[in-house]
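Structural overview
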Amino acid sequence: MLPDSLRENTLAVSVADFDADAVAGGKLDRGELTLEIAPAKIVSICGFLKYDRKFVRLSTVTAVDRYPAEPRFEVVYHLHSVARNQRVRLKCRLRGADPAIESVTPVWRGADWYEREVFDLFGIRFLNHPDLRRIMMPDDWEGHPLRKDYPITGARI
Amino acid sequence: MSEAEAPGVTTEIESEEPVTGKRTLVLNMGPQHPSTHGVLRLLLELDGETILSCRPDIGYLHTGIEKEFEVKLYQQAVTLTDRVDYLAPLSNNLGWCLAVEKLLGLEIPPQAQWMRVMLTELTRLNSHLVWLGTHALDIGAMSVFLYCFREREDILRIFEAFSGQRMMTSYFRIGGLALEPPRGWHERVKKFIDVFPSRVDEYEDLLTNNQIWIGRTRGVGVMTLEDMLDLGVTGPMLRAGGLKIDARKDEPYSSYDQFDFEVPVHTESDVYARYQVRIEEMRQSARIVRQAMEGMPPGAWKADAPHVVLPDRDKMKTQMEALIYHFKIVTEGFRVPEGEVYQVIESPRGELGYYVVSDGTAKPWRVHMRTPSFGNLQATARMVEGTLIANVIAAIGSMDFVLGDTDR
């Protein structure tokens, strides 16, 4: 459901018109638009935004751990439209047990390394990713350092 | 222990079937190769001298800085940002400070903004000079390196005069600058900026019409604009591919909209075009520095926000309020309203974004740095596959990545 505060926002309305079920919420805060997307719909929404709304660049993919709250993880996408000089943030909430979401690499090849980083540091799996391996930590590392229940010091060496 | 047995080493590429059916050679380049500028490792599968596939392996310099942010107070974290991209410390300071100031809704006085612009542009010159020197050195032009580092030394001396530090400056603080600008900064900067354009002419004399330089860089490392946008490439590489994109113009921050400068664009999208773009950027940065120096508005160098900005030392000795604020800020920091921002600035390498999530306490809940080197480096494979191995050095040099910026 698109919140009433975004009824005037053309971009938010166009996404809701494309697929009303996909939009789970959103806000316009400090001039930045955030749309909350149902995780199952992320690839189709990204495809719509890229090909229809000219968001040709994927700036970054990252995640936020809201531990101990549930749903625990937020996967955050920052999109940039060069032609319209506009940015939008997409957000998908995932539950803490075995978090997984569809990869957006079919839409932007550049999502490859960003999703590997999120997989490495948060342990969120990206389905249909071409090469899902650790990228920052050694291949045999255990645990995911950016999770909130991972200690800041005292980890095994 | 041989490399193949060592745990954690990626060796799958060697077991893959050769693409052409012929015998291929897997060459391990780096992480200690001098032209990889840090600790980048490339696994190159070769057929003769032709590269069939390239697989970059990064993470050797991963220090967990994003995790570290979560246990630092907002003002303490400034020193972390220096260490991300150590060739452009002030650009990173600026990105972080702008992001937190946006969360706080803090207004920065004009003098501090202009001073930030001037020093950030000097940082861009500093970074481009290191790039030009080392890039030319990689391709075989030894003397350019010596010329570039001569000017870089002048810039580092200016930084030292401002902040007391040559590299890890931490000079921008949330709410303004760390210290009052030093007496005589105007003359120092003027002395440098008066001669700098003629120094750029010197570099151009050495390279621009140099047949060996042109031979090594023209038509090398070509990528189409579509590929670059798709792979997340930003900055001078995009501008060398014909796209006029620059956050300083498109999404002006820190009063960049009050400065008069051009965004250089070339269309060939090869190593030579990237060289031309960066050379012209140096001239434009010098223009901005001169404008900032000559038109520096008077006023305060830090915001009037006692709960965020440390008070002057002499006020602390005479005013109880100032002493209390100082004690509170140093011991427990300041609370930042709940929310999230994504602040973009144009670093010397491209789009630098700080994504900061605040939960209303004095420490950030989550900080993500969208670093330009990480995005650019992802395009390496696309750029070098199918070309000759001798061109790899020129091609990756033209990306101007910093591994600290990539691995964080």
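Residues numbered from 1 in each chain as written. Chains lettered and ligands numbered in written order. Predicted model: local features only at pLDDT ≥ 70, side-chain atom pairs only at ≥ 80, totals over all residues.

1. A few points about the overall build of chain B
Scanning chain B from terminus to terminus reveals 18 helices and 8 strands. Relative to the compact-globule value of 22 Å for 408 residues, chain B shows a C-alpha radius of gyration of 23 Å, a close match. Its C-alpha atoms give chain B principal-axis dimensions of roughly 80 × 50 × 35 Å. Burial statistics for chain B: of 408 residues in total, 49% are counted as buried. Pairs at least 24 residues apart make up 69% of the contacts formed inside chain B by residues separated by at least 6 positions. (Helix = DSSP H or I, 4+ residues; strand = E, 2+ residues; numbered from the N terminus. Rg over C-alpha atoms; globule rule 2.2 N^0.38 Å. Buried ≥ 20, exposed ≤ 12 C-beta atoms within 10 Å, placed from the backbone. Contact = placed C-beta atoms within 7 Å.)

2. Some details on helix H17 (residues 390-397) of chain B
All names here are of chain B. With 6 of 8 residues buried, H17 is to be regarded as a mostly interior element. Looking only at H17, the buried set comprises Val392, Ile393, Ala394, Ala395, Ile396 and Gly397. Against strand S3 (50-57), helix H5 (110-139), helix H8 (211-217), helix H12 (271-295) and helix H16 (380-384) lie the buried residues of H17.

3. Digging into the interface of chain B and chain A
Every contact between the two is made by 32 residues of chain B and, on the other side, 28 residues of chain A. Elements with a minimum of two residues in the side of chain B that touches chain A: helix H2 (65-69), helix H9 (225-231), strand S6 (339-347), strand S7 (350-358), strand S8 (366-370) and helix H15 (372-377) of chain B. Its residues placed into classes, the side of chain B that touches chain A shows 12 nonpolar, 11 polar and 9 charged. (Nonpolar A, V, L, I, M, F, W, Y, C, P; charged D, E, K, R; others polar.)

4. Some details on the environment of Pro181 of chain B
Residue and element names in this part refer to chain B. Looking at the element boundaries, Pro181 is found in the loop between strand S5 (176-177) and helix H7 (185-207). Residues Pro181 and Lys315, 134 residues apart in the sequence, show an inter-C-alpha distance of 18 Å. Setting aside residues no more than four positions away along its own chain, Pro181 makes contact with Met115, Phe162 and Trp301.

5. A closer look at the sheet that holds S3 of chain B
Sheet strands pair by backbone hydrogen bonding; their relative direction is either parallel or antiparallel. Residue and element names in this part refer to chain B. Taken in spatial order, the 3 strands line up as S1-S2-S3 in an open sheet, and their pairing is antiparallel. Of all strands in the sheet, those with a lone pairing partner are strand S1 (25-29) and S3, marking the two edges. Neighbour to neighbour, the strand axes of the sheet diverge by 20 degrees on average, direction disregarded. Alignment of strand S2 (residues 41-47) against S3, held across 7 bridges, turns out to be antiparallel. Among the inter-strand pairings, Leu42 is bridged to a residue of S3, identified as Pro56. (Pairing = 2+ DSSP bridges. Axes fitted to C-alpha atoms, helices over the stretch in contact; angles between N-to-C directions.)

6. Thoughts on the pairing of strand S4 (residues 73-81) of chain A
Residue and element names in this part refer to chain A. Burial of S4 is extensive: 7 of the 9 residues sit out of reach of the surface. Two elements, strand S3 (residues 57-65) and S4, share 8 bridges in a ladder whose sense is antiparallel. By the bridge assignment for S4, Val64 is matched with Glu74. In this structure, S4 lies alongside strand S5 (residues 86-94), joined through 9 bridges in antiparallel fashion. Bridging from a neighbouring strand, Glu74 pairs with Arg93 of S5. The turn joining S4 and S5, which pair antiparallel and follow one another in sequence, is formed by 4 residues; a positive phi near 50 degrees is taken by Asn85.

7. Structural notes on the packing of helix H4 (residues 89-104) of chain B against H5 of chain B
All names here are of chain B. The geometry of H4 relative to H5 is characterised by a closest axis approach of 7 Å and an angle of 140 degrees between their N-to-C directions. As the angle between them shows, H4 and H5 are arranged oblique. Between H4, through Leu90, Ser91 and Leu94, and H5, the contact on the second element is made entirely by Arg116, Leu119, Thr120 and Thr123. A class-by-class count of the residues in the contact of H4 with H5 yields 3 nonpolar, 3 polar and 1 charged. (Parallel < 35°, antiparallel > 145°, perpendicular 65-115°, else oblique.)

8. Observations concerning the sheet that holds S8 of chain B
Residue and element names in this part refer to chain B. Spatial ordering of the open sheet is given by S6-S7-S8, a layout of 3 strands whose pairing is antiparallel. Of all the strands in the sheet, just S6 and S8 have a single pairing partner and so form its edges. When strand polarity is set aside, the average angle formed by the axes of neighbouring strands in this sheet is 15 degrees. Bridging between S6 and S7 involves 9 bridges; their strand directions are antiparallel. Across the sheet, Glu346 pairs through a bridge with Glu351, a residue of S7. Along the sheet, H4 makes contact with S6 and S7, crossing S6 at roughly 150 degrees.

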